[in-house]
Amino acid sequence: MMIYLLNIIKIYMLIRSAYGVYVSFVFLKWIILTTYTSLLWILPYILKPPLQLTDKELYNEIEIDDYIMINSNI
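None of the values given here were measured: they were computed from a predicted structure. (Residues numbered from 1 in each chain as written. Predicted model: local features only at pLDDT ≥ 70, side-chain atom pairs only at ≥ 80, totals over all residues. Heavy atoms only, no water.)

Below, the discussion takes up the overall build of the protein. Secondary structure assignment for the protein yields 2 helices and 2 strands. The order of helices and strands in the protein, counted from the N terminus, is α-α-β-β. In the protein, which comprises 74 residues, the share counted as buried stands at 0%. As displayed, the protein has an accessible area near 7,800 Å², and 71% of this comes from carbon and sulfur atoms. (Helix = DSSP H or I, 4+ residues; strand = E, 2+ residues; numbered from the N terminus. Buried < 20%, exposed > 50% of the residue type's maximum accessible area, 1.4 Å probe, protein only. Areas by Shrake-Rupley, 256 points an atom, 1.4 Å probe, with all protein chains shown as cover.)

Now for the confidence of the model for the protein. Across the protein, the average pLDDT comes to 79, with 64% of residues at or above 70. The spread of mean pLDDT over the elements of the protein runs between helix 2 (residues 53-58), the lowest at 57, and helix 1 (residues 2-42), the highest at 91. (pLDDT = per-residue confidence, 0-100.)

This part takes up a nonpolar patch on the surface. The grouping of M2, L5, L6, I9, Y12 and M13 at the surface amounts to a nonpolar patch, some 610 Å² of accessible area in total. Mapped onto the fold, Y12 is located in helix 1. Residue Y12 is classed as exposed on the basis of its relative accessible area of 52%. (Patch = residues over 30% accessible without salt bridge, like charges linked within 9 Å, V, L, I, M, F, W, Y side chains within 5 Å. Salt bridge = Lys/Arg side-chain N within 4 Å of Asp/Glu carboxyl O.)

Structure representation (structure tokens):
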């Protein structure tokens with residue numbers, strides 16, 4: 001009777017440990033994905049640096065509706 005009780009306790013501890021690993025994995029996955037998606041959301045709002053004189057000579061921008069067409073003059 002005591003052997004069965006010890007086996008049940010060991011199985012319970014194994015299941016509890018496995019569940020803890022699963023919860024930890026899901027939490028880390030959530031943190032990484034949240035950080036990544038937040039970074040992708042914030043990145044377009046970072047201003048691009050102003051064009052230098054040499055860059056302005058090489059590229060010609062044409063605005064059509066919501067699109068910006070960039071033609072190379074090289």
